[in-house]
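# Observations on the three-dimensional arrangement
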Amino acid sequence: MAKILAFLLFVLTILLNYAPEALAATATPEAVALHLLNRLSLGPRPGDLEALQAQGVEAYIQTQLSPQHIAQPAALTQELSQLTALNITPLEAFQQYGPPLRTKGQKPDPAAFKAAHLHARDFASQAATGHLRQALESPRQLEQVMVDFWLNHFNVYAGKGFIGLWLGSYEETALRPHALGRFRDLLEATARHPAMLFYLDNWLNTDPGSPGAHGIFKGINENYAREIMELHTLGVNGGYTQADVITLAHILTGWGLCPRQDHRPADRSGFCFDPRRHDFSTKTFLGRKIPGSGIAEVEQALDMLAASPATAHHISYQLAQYFVADTPPASLVNHLSQVYLARQGDISAVLDALFHSQEFWDPQYFGNKFKTPYQYVVSALRVSGQPVENLLIAAGEMRVMGMPLYGCLPPDGYKNTQRAWLSPEAMTMRLSFATAWSQGRPPLHSALDPGQLTNTLGDSLSPHLRQVIAATPPHLQAALILGSPDFMYH
Amino acid sequence: MRRRQFLQTAALGTGATMITIGTQGWALRAQALVPTQQNLIVVFLRGAVDGLNVVVPHGEPNYFSSRPTIAIPQPGQAGGALNLDSHFGLHPALAPLMPLWQHKTLAFVHACGSPDPNRSHFEAQEYMENGTPGITSTPDGWMNRLLASLGVKSPLGAISIGATTPRILSGRMPVANLPSGKMIARPLPVDRPAVAAAFSKLYQGTSPIDQAYQEGVSARRDLIGDLEAEMTTANNGAPPVGALASDARHLGDLMAQDSRIRLGFLAAGGWDTHVRQGASQGLLADQLKGLGEGLATLVQALGPVYQRTTILVMSEFGRTVHENGNGGTDHGHGNVMWLLGGRVQGGKVYGPWPGLEPEQLYQDRDLAITTDFRDVIDQVLTAHLELRPSDLRVIFPHYTAPSQPLGVV
């Protein structure tokens, strides 16, 4: 009888399309809600647990998968609209905040140079403010989580050249609109963005025999061609050769930046394709013939890369690692790869499958991801429930913990595994941070209330932590919660 | 924070299961001093340094024809290489290291690298750090396995500078890491006795996070006081300006003072010079100047301990022989490995030189590899750290040392 019941339950589970509640049958409703807030948001704020339970698990997932239907609070929209860096194009940013133009025969004025530098630095810091403001306050939390994911997948480095001026645009126009959209669109948007063109040097990539080859635009640069396959699409063992790297570099010749004094009114994005520097020969890329045609060659190559099963596997592995476990179960990766291919790289379809997978709801994976410094600091801001004016202080804490926002120099972006972030020094820094913030150090305003923290985090606090809290003076209890393993894992 | 205050803090913060070393650090250290023991420091240049512009093969005509705008001129010319021998010269930005070359405690192994043909920074670094080229599943780094072979009991056996534990040191043996730069001796809220006492009760277990906490407390207690003392007393000479030199000074000071530290690790980034890397001056020259200054500072800080230390400088792979279209170089294959130390048979460039003629290049573009990077490390482990063959098989599984050792140590 029991076997028959178990079988019926199994069939029912399938009929219900893996309803999350059924998949996580052994977990309490509060644990289910907390798991969702831990993975689909940057951590619970006061009231989030109750709101999610009132809304229902499935409704919460579907709402988060369609961020365009979630209304933004007016105050947030208002603040974001005032951050210039998020709202002007890279070309405009460079023209307004780049180095002052030199007039021929005139010596540059050091005072003017310095003023321009400070002006630019202030402008560049708006990107971090805009990012963290949304991480803290946007109800479109899954979108923000995916912006964090893609920002590392398509990493650029603020410290190189003028990329700092373009980060607001990169995040708001290249990443965010496609964060839950089609991978092919995301790939295109990053490929055309000046931050990426400059970071991986493709703006210089030139056919040496072309009529436009001169000055610094003298020849092939294979940096972007390699990384787009290794990191952005196929993955390091994705079946391409060194010859494919060189061929893709030739396909990408002339794909670059507009000159500073470009007055074409139509397109202010800063992206320009220069046919005079392009190699128009016919090429063989990943075994397929691509006739020389200019910009269409790049589009064809990006089509091939985005549609490749190797890319499906690579993206699925990374999503499963980010959302489920440092070593993700192969069954889940294979399942997500199939969905990626069947749905032509529709990211929200892949995530929908992920959030309805048995693996995502397996309690052994609950609370098993060690937070990155970014996730740790942002989740602490969120759990505090306090209004925060100066978010750059929070950005400074991430820097101290070894993860400055936009500060990852190598192109593979920050990792999100425990092996990358758990170290003796990290613990020392995190506990110092937890102590200072729990006592109300800026950017917070007042000491945190341990009772309120416990309510916000629900039943995630372990009995051991509760015991230690009970034996600790009240003024240190909130520090213990923020500095606990319970809060460092999510 | 003064040292005494620090020790009190640490004493109060010590939980029952803490790895206890004792609070009488100075006295204990004096007893523990073993003047004959040998140490190893690895400096990893992340991003693939252009070894052909570090140790310049000025005897090769193809070197100059392949690099029309970025070649380092012949020794004797303006901005020329510093002559090492009839075939090789050193980048002029590394002039601070020439006294070490003249004293024969600096050597190079050229055309060296990993047998895995990968040109991915991340895979190649992974292989050089886990010590098993071609195998990514190896759980620990070779320096962690080395720590086990050395029989080090102290959690201070290995120290790296930086906010995270590098792959090369990760594994089951405890290792300490210290923050980079000025943060290193800053007083922190966790130093306060009441705070430390509360967290020590929380982190008493044996899980990875408990261990990380315990090792962090222990390292801070034992090391920061030393650094405080060092930094508040007058330094010999001007304090170094570069970030690497500052880290190098901290590491060197610690290893000079505390004989429990056997292994050290430093990393420096910014070597991925795809664009306008320059020649005698420019981007790479500036990077090398900082590195040369860092290594000279490290040697100076180690003081007498330099005589029983080997410093290895390595990078994941070399760069293309030909400069690319933008005055830079792309990902290549063979590179140069550096060795410094009292036991190094220096003043010589080691390794069979494969040549730069077109038919001699690896895949028609790169410096070929004639020496496996493990051959060099194997020499250091055998001749310098005096490990047994059975230890070497654990540190470098799936590897057979050459019958004829390099003789560099």
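None of the values given here were measured: they were computed from a predicted structure.

### Observations regarding the overall build of chain A
Each helix and strand counted, chain A has 27 helices and four strands in total. Relative to its length of 490 residues, chain A is compact, with a C-alpha radius of gyration of 24 Å against a globular reference of 23 Å. Overall, chain A is about 75 × 65 × 40 Å in size when its C-alpha atoms are taken along their principal axes. For chain A, buried positions account for 59% of its 490 residues. Considering only residue pairs separated by 6 or more positions, chain A has 72% of its internal contacts joining residues 24 or more positions apart. Each charge class in chain A can be summarised by its mean position, and for the 35 positive and 41 negative side chains these summaries are 7 Å apart.

### Digging into the overall build of chain B
A count of helical and extended segments in chain B gives 12 helices and 12 strands. Taken across its 409 residues, chain B has 63% of its residues classed as buried. Here the contacts in chain B between residues at least 6 apart in sequence split such that 74% fall between residues at least 24 apart. In the form shown here, chain B has an accessible surface area of approximately 14,500 Å², with 56% of it arising from carbon and sulfur atoms.

### Some points on the side chain of E60(B)
Residue and element names in this part refer to chain B. Within the secondary structure layout, E60 lies in the loop between β2 (55-56) and α3 (61-66). The buried charged residue E60 lacks any salt bridge, with R67 as its nearest oppositely charged partner at 11 Å. Within polar-contact distance, the side chain of E60 engages the side chain of W353 at 2.7 Å. A distance of 3.4 Å separates a polar atom in the side chain of E60 from the backbone nitrogen of L356. Excluding its chain neighbours within four sequence positions, the residues that come into contact with E60 are H87, W353, G355, L356 and E357.

### Brief notes about unusual backbone geometry
All names here are of chain A. Note the cis peptide between P442 and P443, where omega equals 15°. With respect to the helices and strands, P443 occurs in the loop between α23 (424-438) and α24 (450-457). Backbone geometry places D201, a non-glycine residue, at a positive phi of 70°. Looking at the element boundaries, D201 is found in the loop between α13 (194-199) and α14 (223-232).

### Section: the interface of chain A and chain B
Each partner contributes to the interface: chain A provides 56 residues, whereas chain B provides 48 residues. When the buried area of chain A at its contact with chain B is split by residue, R419(A), P424(A) and E425(A) rank highest and sum to 15% of it. For the interface between chain A and chain B, the tally reads one salt bridge. With a closest N to O distance of 2.9 Å, E222(A) and R365(B) form a salt bridge. When residues of the side of chain A that touches chain B are traced back to their parent elements, those giving at least two are α14, α15 (242-251), α22 (418-421), α23, α25 (463-470), α26 (477-482) and α27 (485-488) of chain A. Here the side of chain A that touches chain B takes 10 residues from α23(A), the largest share from any one element. The residue inventory of the side of chain A that touches chain B, partitioned by class, reads 31 nonpolar, 16 polar and nine charged.

### A look at the state of the cysteines
All names here are of chain A. Summed over all chains, the structure comprises one disulfide over all chains. Across a sulfur-sulfur distance of 2.0 Å, C258 and C272 are joined as a disulfide pair. Across the disulfide from C258 to C272, rotation about the S-S bond amounts to roughly 90°, and the bridge is consequently right-handed. With C258 in the loop between β1 (255-257) and β2 (271-273) and C272 in strand β2, this residue pair connects regions lying 14 residues apart in the sequence. Like C272, C258 is buried.

### Looking at the packing of helix α5 (residues 57-65) of chain A against helix α19 (residues 347-355) of chain A
Residue and element names in this part refer to chain A. Two numbers describe how α5 lies on α19: the axes approach to 10 Å, and their chain directions differ by 160°. The angle between α5 and α19 falls in the class roughly antiparallel. As α5 runs across α19, the sense of the crossing is right-handed. Across from I61, Q62 and L65 in α5, the residues of α19 making contact are S348, L351, D352 and F355.

### Let's talk about the confidence of the model for chain A
Chain-level statistics for chain A give a pLDDT mean of 93 and a share of 94% at 70 or above. Confidence drops under a pLDDT of 50 for residues 11-16 of chain A, and excluding neighbours within four residues, the segment shows four contacts in the predicted structure.

### Let's talk about the environment of V195(B)
Along the polypeptide, V195(B) turns up in helix α7 (residues 193-202). Once residues within four sequence positions are removed from consideration, V195(B) is found in contact with T435(A), L476(A), P189(B) and V190(B).

### Observations regarding the nonpolar core
Judged by nonpolar contacts, the single largest core of 172 residues is most densely connected at M146(A), W150(A) and F323(A). Those residues within four positions of F323(A) in sequence are excluded, and the remaining contacts are R39(A), L142(A), V145(A), M146(A), L351(A), L354(A), F355(A) and F360(A). One finds L45(B), L94(B), V299(B) and L302(B) within the second-largest nonpolar core, a separate group that totals 49 residues.

### A look at the domain arrangement of chain A
Partitioning chain A into domains gives domain 1 (68-101 + 109-199), domain 2 (202-302) and domain 3 (370-490). A C-alpha centroid distance of 43 Å is found between domain 2 of chain A and domain 3 of chain A.

### Let's talk about the pairing of strand β1 (residues 39-45) of chain B
Residue and element names in this part refer to chain B. Of all seven residues in β1, seven are buried; the element is thus mostly enclosed. Here β1 shows a buried face lined by N39, I41, V43 and L45 and a second buried face lined by L40, V42 and F44. As paired strands, β1 and strand β8 (residues 263-268) are joined by six bridges and run parallel to one another. Following the sheet pairing, I41 is matched in β8 by G264.

### A short note on the pairing of strand β9 (residues 309-315) of chain B
Residue and element names in this part refer to chain B. Summarising burial for β9: seven of the seven residues are buried, a large majority. Taking every second residue as pointing to the same face, both faces of β9 are buried, with T309, I311, V313 and S315 on one and T310, L312 and M314 on the other. Here β1 runs beside β9; their pairing, made up of seven bridges, is parallel. For L40, the partnering residue across the bridge sits in β9 and is T310. By the bridge criterion, four bridges tie β9 to strand β10 (residues 335-341) in an arrangement that is antiparallel. Bridging from a neighbouring strand, V313 pairs with W338 of β10.

### Digging into the sheet that holds β2(B)
Each strand in a sheet pairs with another by means of backbone hydrogen bonds, the pair being arranged parallel or else antiparallel. Residues and elements named next belong to chain B. Strand order across the open sheet formed by three strands is β2-β4-β3, with antiparallel pairing between neighbours. The open sheet terminates on both sides in strands that have one partner only, identified here as β2 and β3 (82-83). Where β3 lies against strand β4 (residues 89-90), two bridges are found, and the strand directions are antiparallel. The partner of N83 across the bridge, within β4, is G89.

### Overview of the packing of aromatic side chains
Counted under the stated rule, the structure contains 30 aromatic pairs over all chains. Geometrically, the ring pair formed by F108(B) and W338(B) is edge-to-face, given 5.6 Å between the ring centres and 65° between the ring planes. Placement of F108(B) in strand β5 (residues 106-113) and of W338(B) in strand β10 is noted, with a sequence separation of 230 residues between them. There is no split in this pair, since F108(B) and W338(B) are both buried. Among the aromatic residues, those joined into a ring-pair cluster are F149(A), W150(A), F154(A), F183(A), Y322(A), F323(A), Y340(A), F355(A), F360(A), W361(A) and F366(A). Of note, K371(A) hangs over the ring of F487(A), and the distance from its end group to the ring centre comes to 3.6 Å. We note R46(B) situated over the ring of F44(B); from NZ or CZ to the ring centre the distance is 5.0 Å.

### Some points on the confidence of the model for chain B
All names here are of chain B. When pLDDT is averaged along chain B, the result is 86; 86% of the residues meet or exceed 70. Below a pLDDT of 50 lies the segment residues 1-33, which in the model reaches 56 contacts outside its immediate sequence neighbourhood of four places, other chains included. Within the model, the stretch residues 232-240 combines pLDDT values under 50 with eight contacts to residues more than four positions away or in other chains.

Analysis parameters
- Residues numbered from 1 in each chain as written.
- Chains lettered and ligands numbered in written order.
- Predicted model: local features only at pLDDT ≥ 70, side-chain atom pairs only at ≥ 80, totals over all residues.
- Heavy atoms only, no water.
- Helix = DSSP H or I, 4+ residues; strand = E, 2+ residues; numbered from the N terminus.
- Rg over C-alpha atoms; globule rule 2.2 N^0.38 Å.
- Buried < 20%, exposed > 50% of the residue type's maximum accessible area, 1.4 Å probe, protein only.
- Contact = heavy atoms within 4.5 Å.
- Lys, Arg positive; Asp, Glu negative; His and termini not counted.
- Charge placed at Lys NZ, Arg CZ, Asp CG, Glu CD.
- Areas by Shrake-Rupley, 256 points an atom, 1.4 Å probe, with all protein chains shown as cover.
- Salt bridge = Lys/Arg side-chain N within 4 Å of Asp/Glu carboxyl O.
- Polar contact = N/O pair within 3.5 Å; in protein donor to acceptor, adjacent residues only side chain to side chain.
- Buried area = accessible area lost by both parts, 1.4 Å probe.
- Nonpolar A, V, L, I, M, F, W, Y, C, P; charged D, E, K, R; others polar.
- Disulfide = S-S within 2.5 Å.
- Axes fitted to C-alpha atoms, helices over the stretch in contact; angles between N-to-C directions.
- Parallel < 35°, antiparallel > 145°, perpendicular 65-115°, else oblique.
- Left-handed = near helix turned anticlockwise from the far one by under 90°.
- pLDDT = per-residue confidence, 0-100.
- Core = buried A, V, L, I, M, F, W, Y, C linked by side-chain atoms within 4.5 Å.
- Domains from an automatic or database assignment.
- Pairing = 2+ DSSP bridges.
- Phe/Tyr/Trp six-rings, centres within 6.5 Å; stacked < 30°, edge-to-face > 60°.
- Lys NZ or Arg CZ within 6 Å of the ring centre and 35° of its normal.

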